[in-house]
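One letter stands for each residue in the lines below.
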There are 2 protein chains.
Amino acid sequence: MKWWGWGDAEKSFPMEDKPELWPWIRRRLALPETRLRPPVARDRLVIPRPVVNAAFCEALEQGFAAARYTSDDDARLHRCFGKSYPNLLAARAGALPRATDMVVYPASHDEVERLVALAHEHDVCLIPFGGGTNIVGGIDPLASETRMIVTLDMRDMNRLVSVDPHSQVAVIQAGMRGPELEAALQAKGFSLGHFPDSFEFSTLGGWLATRSAGMQSDAYGRIEDMVLSMRMVTPRGTIETRPVPASSAGPDLNRMMCGSEGVLGVITEATMGVHPVPPHKDYRGFLFRSFPEGVAAIHACWRAGHVPSMIRLQDSNETELAAHMKAPAKGLAGFVQSLVKRHLKRRGYSAPCIMVVGFEGSAEQVRQERSATLPILKKFGGFSLGNSIGDTWSKDKYNIPYLRDYVMDRGVMCDVAETATTWADVVPLYDKTIAAVNARFAEDRGAGFIGCHISHSYETGACLYFTYAAAQQAGSEREQYYSYKNLITDVFMQNGATLTHHHAVGVEHKPWLEVEISPTGLRALSALKRELDPKSILNPGKLLG
Amino acid sequence: MKWWGWGDAEKSFPMEDKPELWPWIRRRLALPETRLRPPVARDRLVIPRPVVNAAFCEALEQGFAAARYTSDDDARLHRCFGKSYPNLLAARAGALPRATDMVVYPASHDEVERLVALAHEHDVCLIPFGGGTNIVGGIDPLASETRMIVTLDMRDMNRLVSVDPHSQVAVIQAGMRGPELEAALQAKGFSLGHFPDSFEFSTLGGWLATRSAGMQSDAYGRIEDMVLSMRMVTPRGTIETRPVPASSAGPDLNRMMCGSEGVLGVITEATMGVHPVPPHKDYRGFLFRSFPEGVAAIHACWRAGHVPSMIRLQDSNETELAAHMKAPAKGLAGFVQSLVKRHLKRRGYSAPCIMVVGFEGSAEQVRQERSATLPILKKFGGFSLGNSIGDTWSKDKYNIPYLRDYVMDRGVMCDVAETATTWADVVPLYDKTIAAVNARFAEDRGAGFIGCHISHSYETGACLYFTYAAAQQAGSEREQYYSYKNLITDVFMQNGATLTHHHAVGVEHKPWLEVEISPTGLRALSALKRELDPKSILNPGKLLG
């Protein structure tokens, strides 16, 4: 991955086929003339010299093959930052107040046990590292840390250990990345069905550690819903649960390990429920007259017991953004499109909201669910756009994070904020958040973008996922960002919603965790931390403390 | 409830209409002549004088109305035992080595907070008490406890606080019992859909504290799956989570409170997902040629994505027991039945296994699910018995626990053991358990009964629920019982299954908890206990320690 941005270094957001996008963003954010602000050049970066704990290094040398660890500058640089907006601000400016001091690549559960024991013995910090995609500061070495920091990159623990096709469970090593995990499972006819936005780079261990939710969580559940058992190495030994479908033997330790963000232990392996690869897929687009009508349609699907594998509703602002990502149709096609647009406008779709709906399963299941769902969508004004928009969305779904790099290159602040609340509060919370951010835009430069989509929904409520952008305030980029981040998070918390639906806590959400789980709840988690990691060597300063 | 047995003191197992049952049990267990061994008379019971912590009692007097607490002998007696077999052995013998010293009935969350604070201050033990139905020793005052023990009976915290019909969530006080909870919800058109065998007496708080699973968990999930938020009072303050559909803000504290069995805090209230009362119900019976074929049918339903609201398969032994609970048909009906029986026998149903299947929902949903499911059952040899058996089962479903009192009155050891494992291991584990217990019967008196049913199933596996019985060994009833209990539990644990699927840990399963969750896992739970309840006043000796 890029050290200064998202994804493959070779790859950038495909802007060539979207001639209208950048001009629209400029207008929308009232940006002054486009001025390129590229990241600092690699050769101008000064990577801090590593802190060395000699006794630890000596023990490492004796116990591990030389290929298993490195203090190489490039290896360290790539593990100094996650992908939060503040991470990228710092990386792009070449501000590296603290680097990780070493990278270790354990190859087995036993090696992780030996590493954690060594680190505990020598008071060396360990940061478990999967794909490096965390956007809440969950994998950053903290500037205040004076001890040696070792990033424990799980990339070599990437085996599909076993599949039991009759029980539909698979034992998977934590370092497996999305694509390799799906390829290995699909070769045996199965899928985990977990597709977060970070899928191309993130790992099973990262998903578990952050309680991730994928694009098809409506059908297959959140990552924690798929777990049968886990192994997690702590300085006090390994916690290991039994791979059983359900139990009432005390509090569920799987749910204590899920969401522990590397502060309680290093997840090395999990037994996960899997399902057959759905042979048929049908993705479709719909337009709604308003966000509340789209929300009502999703709600109605849940109430009818017919929920597509994926249902994703974008508000009118995000829909406008999406519309500008399309190449403009020319000639006859363009003429027909403009007629359709005029027709829709007359029928009340003047600021339409796009919904992408996906059905997956056997041909019969797809047919049944589709015929049950489409009348519900229609009832709430859903205007069918057919399959092409669904296919377009499916093709581009992992590209969006690259867009942030493009706009940051051009002086734009851009971030996301997500939460979940019960159905009765979904639209009110949406309204309040949009209003608060628009008011702040008005106070600031008078221009900015905030859009929202519903990415996941449940029987009792849904996730609201906001994207916001404005021109950067040169010289105070961080302060500007936090004024928006704090504003939005305060709106969530004051209205009873959750601090984070699927991005986890890291450092960015830490200030609100006590409000989220109550002071005594925080005290309980802190007690777990003290017991399992008494020297606080594991991912210090994240989630807790 | 009876202090010496199950359920209403006025009610006993309806044996009058089952003339074949007791003779069959006698034959099957090779019981000598029926000799009545009734429980000790109430007036021969000596209830130990209460341990009194004078400072606590004084503070209680000052802070609480007199109606909120009592040291009355009857009130204390009824809260000295749960309903485990060892509990009933002791109660029936009048062996009361330790009674609870006082019963308090808090009326609000605030009163629970004040009580827990007082108890913490004065080092007085608190045992949270719901319906008193626990069968693993989860609510017993322990003989070794020298401090004052107060049972905190939650019966007055029995309000449905609010229902949000749009989000389908309800805020419910923990002391609400099954029937009153369902009545209050159903008056508003909703149901929690949680119907454990103990439903008539047990409470929401008890269900949460023990991670209970109801008869319709296949459709509505286990109790922990229905929780949005909880309030739990600990000596360190109240843990309170947010009523949201999902979150990734650290480990899920709801799942830490669920299954905590009163040792971490007193659950006072929860926000639960509810669903509309299903307007249509259709319960049906089927016969299968063998238990493995029935298991294969359930498995196939899950694989096809068509799982009835309830699916319950009894092995041939339990089916034989159930058959002897029916009044024998006479005259023409009897003649026809015997013809059918002969016909079935010729077709391979010589030791048939009964399955009860329930469909619930709208008329259309019931019709759809039924027409999807029945061909699957048929494919595996399911022979339809029509609706009457389903209705009979539904009528009798809460009566079975009363049967234990009847047979204990007549010198029979009788208990249950339950576990869960993945599909590939369901039949092998069933075989091993049955073989081990039958071998023990052979070693002992050469006769005994063990049967099994599948009560709950999942994508990845199922629960096996065994019932076993033999003639009591007079004078060593407890030792006899534990020799079977330990045997069965060891078989579960040695074969990778879970210690308990829905009965929780209490004291009876404690010896195996470390094997279940690993030594480090147990250490983590113990750290929570020490932090939240540093003086170990909450339900001491249960689950942990």
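Calculation criteria
- Residues numbered from 1 in each chain as written.
- Chains lettered and ligands numbered in written order.
- Predicted model: local features only at pLDDT ≥ 70, side-chain atom pairs only at ≥ 80, totals over all residues.
- Heavy atoms only, no water.
- 1 Å grid on protein atoms, 1.4 Å probe; cavity = no way out; pocket = protein on both sides within 12 Å on 5 of 7 lines; lining within 4 Å.
- Points joined across faces, edges and corners; volume = space filled by probe spheres on them.
- Helix = DSSP H or I, 4+ residues; strand = E, 2+ residues; numbered from the N terminus.
- Nonpolar A, V, L, I, M, F, W, Y, C, P; charged D, E, K, R; others polar.
- Patch = residues over 30% accessible without salt bridge, like charges linked within 9 Å, V, L, I, M, F, W, Y side chains within 5 Å.
- Areas by Shrake-Rupley, 256 points an atom, 1.4 Å probe, with all protein chains shown as cover.
- Salt bridge = Lys/Arg side-chain N within 4 Å of Asp/Glu carboxyl O.
- Buried < 20%, exposed > 50% of the residue type's maximum accessible area, 1.4 Å probe, protein only.
- Least-squares fit on C-alpha atoms with pLDDT ≥ 70 in both.
- Contact = heavy atoms within 4.5 Å.
- Expected span 1.5 Å × (residues − 1).
- Pairing = 2+ DSSP bridges.
- Axes fitted to C-alpha atoms, helices over the stretch in contact; angles between N-to-C directions.
- Arc of directions from axis to C-beta.

To continue, consider empty space enclosed by the protein. The final tally for this structure, using the stated rule, is 7 cavities of 30 Å³ or more. The computed volume of the largest cavity comes to approximately 90 Å³. Within the residue set of the lining of the largest cavity, elements represented by two or more residues are β16 (412-422) and α17 (477-494) of chain B. Here the lining of the largest cavity is built from residues that sort into 7 nonpolar, 3 polar and 4 charged. Lining the second largest cavity we find 14 residues, and of these A:D252, A:R255, A:M256, B:D252 and B:M256 sit closest to its centre. Those elements that place two or more of their residues in the lining of the second largest cavity are α9 (253-257) and α19 (519-532) of chain A together with α9 (253-257) and α19 (519-532) of chain B. Residue composition of the lining of the second largest cavity, by class: 10 nonpolar, no polar and 4 charged.

This next bit is on a nonpolar patch on the surface. Residues and elements named next belong to chain A. On the surface, a nonpolar cluster with roughly 470 Å² of combined accessible area is contributed by L332, F335, V336, L339 and V340. If you trace the backbone, V336 turns up in helix α12 (residues 331-346). For V336, a relative accessible area of 42% corresponds to the partly exposed category.

Once chain A has been moved 0.0 Å along the axis and rotated by 180°, it coincides with chain B to within an RMSD of 0.0 Å. Look at the turn and shift together and you get a two-fold axis relating the two. A shared binding surface is used by both copies, with 100% of the interface residues of chain A retained as interface residues in chain B.

To continue, consider helix α17 (residues 477-494) of chain A. All names here are of chain A. With 18 residues, α17 extends 26 Å between its outermost C-alpha atoms, agreeing within 8% with the 26 Å of an ideal straight helix rising 1.5 Å per residue. Among all positions of α17, only E477, Q480, Y481, Y484, K485, L487, I488, T489, V491, F492 and M493 are buried. Considering only its buried residues, α17 is in contact with α4 (85-93), β16 (412-422), α16 (423-443), β18 (461-471) and α18 (513-517). Phi turns positive one or two residues past the end of α17, at G496, with a value near 80°.

All names here are of chain B. Overall, antiparallel pairing links the 7 strands, which are arranged β15-β12-β14-β13-β17-β18-β16 in an open sheet. In this open sheet, the two edge strands, each paired with only one partner strand, are β15 (383-386) and β16. Here the strands of the sheet are splayed against their neighbours by 20° on average, with no regard to which way each runs. Bridging between strand β12 (residues 280-288) and strand β14 (residues 353-361) involves 9 bridges; their strand directions are antiparallel. Directly across from D282, in β14, lies its bridge partner F359. Most of the contacts of helix α13 (residues 363-379) go to β14, to which it runs at about 155°, and overall it touches β12 and β14.

All names here are of chain B. Here helix α1 (residues 21-28) has its buried residues at L21, W22, W24 and I25. Buried residues along α1 cover an arc of 160° about the axis, so they all sit on one side. Buried positions along α1 lie against α11 (316-323), α15 (400-408), β16 and β17 (449-457). Within two residues after α1, A30 carries a phi angle of roughly 50°, on the positive side.

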